[in-house]
Protein chains: 2
Amino acid sequence: MAETRRGRPTMNDVAAEAGVALKTVSRVVNEEPGVNSATAERVRRAIEHLGYRRNDGARVLRRGRTASIGLVIEDVADPFYSGLSRAVEDVALHNGSLVFTGSSGEDPLRERELVLAFCARRVDGLVIVPAGSDHGYLAPELTAGIQAVFVDRPAGAGLNVDTVICDNVGGARSGVAHLIAHGHRRIGFLGDDATIFTAKERLRGYRQALTAASIPYDPSLVAMGTPDQPRVTADITRLLTLDDPPTALFTGNGQTTVTTLRALTTLDPRRATKATTPRDTNTTPGTRDSSTTSGTRGTNTAGGTRDASAAPNLAIVGFDDFELADLLTPAITVVAQDPINLGRTAAELLFRRLTGSAGPAERIQLPTRIIPRGSGELPPPR
Amino acid sequence: MAETRRGRPTMNDVAAEAGVALKTVSRVVNEEPGVNSATAERVRRAIEHLGYRRNDGARVLRRGRTASIGLVIEDVADPFYSGLSRAVEDVALHNGSLVFTGSSGEDPLRERELVLAFCARRVDGLVIVPAGSDHGYLAPELTAGIQAVFVDRPAGAGLNVDTVICDNVGGARSGVAHLIAHGHRRIGFLGDDATIFTAKERLRGYRQALTAASIPYDPSLVAMGTPDQPRVTADITRLLTLDDPPTALFTGNGQTTVTTLRALTTLDPRRATKATTPRDTNTTPGTRDSSTTSGTRGTNTAGGTRDASAAPNLAIVGFDDFELADLLTPAITVVAQDPINLGRTAAELLFRRLTGSAGPAERIQLPTRIIPRGSGELPPPR
DNA sequence: ATGAAAGCGCTAACAC
DNA sequence: GTGTTAGCGCTTTCAT
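These figures come from a predicted structure and were not determined experimentally. (Residues numbered from 1 in each chain as written. Chains lettered and ligands numbered in written order. Predicted model: local features only at pLDDT ≥ 70, side-chain atom pairs only at ≥ 80, totals over all residues. Heavy atoms only, no water.)

(A) A look at the packing of helix α8 (residues 168–181) of chain B against helix α9 (residues 197–212) of chain B. Residue and element names in this part refer to chain B. Following both chains from N to C, one finds α8 and α9 inclined at 40°, their axes separated by 7 Å at the closest point. Classified by the interaxial angle, the pair formed by α8 and α9 is oblique. Between α8 and α9 lies a crossing whose hand is right-handed. Two secondary-structure elements touch here, α8 through N168, V169, A172, R173, V176, A177 and I180 and α9 through F197, T198, E201, R202, R204, G205, Y206, Q208, A209 and L210. Looking at side-chain class alone, the contact of α8 with α9 contains 9 nonpolar, 4 polar and 4 charged residues. (Axes fitted to C-alpha atoms, helices over the stretch in contact; angles between N-to-C directions. Helix = DSSP H or I, 4+ residues; strand = E, 2+ residues; numbered from the N terminus. Parallel < 35°, antiparallel > 145°, perpendicular 65-115°, else oblique. Left-handed = near helix turned anticlockwise from the far one by under 90°. Contact = heavy atoms within 4.5 Å. Nonpolar A, V, L, I, M, F, W, Y, C, P; charged D, E, K, R; others polar.)

Encoded structure:
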């Protein structure tokens, strides 16, 4: 409380106040043994009185280890990555470490900036969901002893680091095989941007499933790009107006699945009445308040009602589970991966490295599992 | 690359390599003016050659400011807080600052640990969603010059800090008034744990709306607690089996809304057929794969079909918007607050403080808006 | 334009 | 048990 000097009190201030040497204060603060309990008590009183708190920055400078790690993901606001984040956080806390978090927003430059900023802060290690494919900038940091684990996507060529990913190929294959098992032969693939590793892998799985069922690959059934609404809606429109349109859709990630569902709702004249107020529209309270949407409940029979020319009775399987998938009508069948497991596994591997585990870089692949809920079990028309 | 000494190269190493003094290296690294361009080039080559990277920890120790902030929220994995996080992150990056993130998990002790750990790292400022109500531990830190902004919930008594919250009372009031305007007089309130500030405020709003409509307050219509499925299901069952059951429900936060919807689906025998595979159940791929759920689509008419004794045709308005609210049947009417705006406002206020803005603690209240989508416009039965 | 010396707050290594 | 000294890697101040 009582401070005469500018700034926070230091160990020196405490030492002066308690009438002991600096080192004794250090011993008390760090609970080292071998301090007379009376002396210790005097020091503790001085600490209390001055409101002293150890400066971990200085400590770190002296000791080498910062007890902090850096986490670079694509976007914390995405439920997939926020689950992963939480898992990393928990493991870090468990290991007495703090975590710097940063979202790259799928921008390789921002990824690089964040990683290097974390390295400049001398984090002990990094958990990275890479946006870019060139990680040469990391090499000197690794040489210098900073540990890194890549999650969800592998590092760019030439970098030999631990990696934790899910079985993208196998997951997509099983999801598409599921649709085939239910009688579909024209299956659309809506994927994330083709530059993204997971998107490419899942497309591979899609093709493998087709091959296994002796269904020829038709590139006109494939649409890839960022999962923004206009693009997805346009692509779906294109697919549905093909001469031989798909009877089922496989969507390549969570965002794309949701965007697809919204597109289908828009395209279906009967369903369209339901979602009158799109998200993010500015609605003045009390204005369109009661009129437009009331009474619509029960007017749509929810399934099997889409106008064939616009949004036919499509079967859907999505990669990634998402909240409320089970409450939609029909409920959405998904190929689920476990973001928490992904994050936990990566973080645990990182801390194992930090506590001395040597050996070559590991590549851990986590399984996916299919969760049938209804949308993926719909048969093709006729 | 070429390192003989242990650890990373320092400015000293660079200086030796370039044949200049330490200070000259510092000048080059920090792009200070007044260095001969030839000398600077030599230094730069040495930096490149040695793979030198400035140690920001040491820099910070000398300069005072750490260019980092701490963010303590309830749970990054919750979409509300992950949106808020992203906004804080973006503002921080914009201000050249890194952010330590930590989830308190609604545990006051963990909140305290995190905050103090951040303070020990000498973050410049803090953005806190408080879990506890006693923030006495923060006082010395504030005195020492660490800035703090509280978001979503105010600080405990006695702490005079900047606060950014949404209009919980007004939002709840307007949501409940909306239901009343649609003819409801028996309205259940399902809130978060009663110890949580926002839960209490929203209950107040609920009561205000009732009072304004001269509807007596009936405590048996109110249920508060953590939004776990068993508790919510039990409470809803209790509400629906009252002699005079509610015809509408107001749910007090996003999690509760979702849990409520899931409970209603379970309670409704007709809807129950739909969500056969609950989330988080371990389904072995290929086992229950195709049998249980196929063909259910179209069997439920989605709205207006609940068994009156279990889950009648309830109107619902929820506090907090959530992804897919618009795609449910019926789509869910919500009182939306804007987590991104909340985070951005708080972070901007923090950085304004950090750049010298003085003045008394501010208390900023952000508006909510009602988004009618269908579920809140259903009339009471008869 | 360049450099030498001091010191940020702490811990490690060694006295006493 | 306690204290002294050095120095982590950098910036600051003041010389040259």
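(B) Structural detail: the pattern of salt bridges. Evaluation of the coordinates by the stated rule reveals 38 salt bridges over all chains. In this structure, E141 of chain A engages R53 of chain B in a salt bridge whose closest nitrogen and oxygen atoms are separated by 2.5 Å. Of this pair, E141 of chain A sits in helix α7 (residues 139–143) while R53 of chain B is found in the loop between α3 (37–50) and α4 (56–63), placing the two residues in two different chains. Taking the relative accessible area as the measure of exposure, R53 of chain B reaches 24% and is therefore partly exposed. For D244 of chain A, the salt bridge identified is with R186 of chain A, shortest N-O distance 3.5 Å. (Salt bridge = Lys/Arg side-chain N within 4 Å of Asp/Glu carboxyl O. Buried < 20%, exposed > 50% of the residue type's maximum accessible area, 1.4 Å probe, protein only.)

(C) Looking closely at the packing of aromatic side chains. Residues and elements named next belong to chain A. Using the criterion set out here, one finds 11 aromatic pairs over all chains in the structure. Considering the side-chain rings of F189 and F250, the 6.1 Å spacing of their centres and the 20° angle between planes classify their relative orientation as stacked. Note that F189 is positioned in strand β6 (residues 187–191) and F250 in strand β8 (residues 248–251), a separation of 61 residues in sequence. The same class applies to F189 as to F250, namely buried. (Phe/Tyr/Trp six-rings, centres within 6.5 Å; stacked < 30°, edge-to-face > 60°.)

(D) Just the sheet that holds β6 of chain A, in detail. All names here are of chain A. The sheet built from 6 strands is open, its strands ordered β7-β6-β8-β9-β10-β12 with mixed pairing. The open sheet terminates on both sides in strands that have one partner only, identified here as β7 (222–224) and β12 (369–371). Within this sheet the neighbouring strands show an average axis-to-axis angle of 15°, counted without direction. Bridge count between strand β10 (residues 333–336) and β12: 3 bridges; the pairing is antiparallel. Opposite A336, over in β12, you have R369 as the bridge partner. Taken strand by strand, helix α8 (residues 168–181) contacts β6, β8, β9 (315–319), β10 and β12, and its axis lies near 170° from that of β9. The strands touched by helix α9 (residues 197–212) within the sheet are β6, β7 and β9, with β6 carrying the most contacts at an inclination of about 170°. (Pairing = 2+ DSSP bridges.)

(E) Examining the sheet that holds strand β7 (residues 222–224) of chain B more closely. All names here are of chain B. The strand order across the open sheet formed by 6 strands is β7-β6-β8-β9-β10-β12, and the pairing between neighbours is mixed. Strand pairing shows two members of the sheet lacking a second neighbour, β7 and β12 (369–371), which therefore form its edges. Between one strand axis and the next, the sheet turns by 15° as a mean value, whatever way the strands run. Pairing of strand β8 (residues 248–251) with strand β9 (residues 315–319), which is carried by 4 bridges, proceeds in the parallel orientation. Looking at β9, one finds that F250 is bridged to V317.

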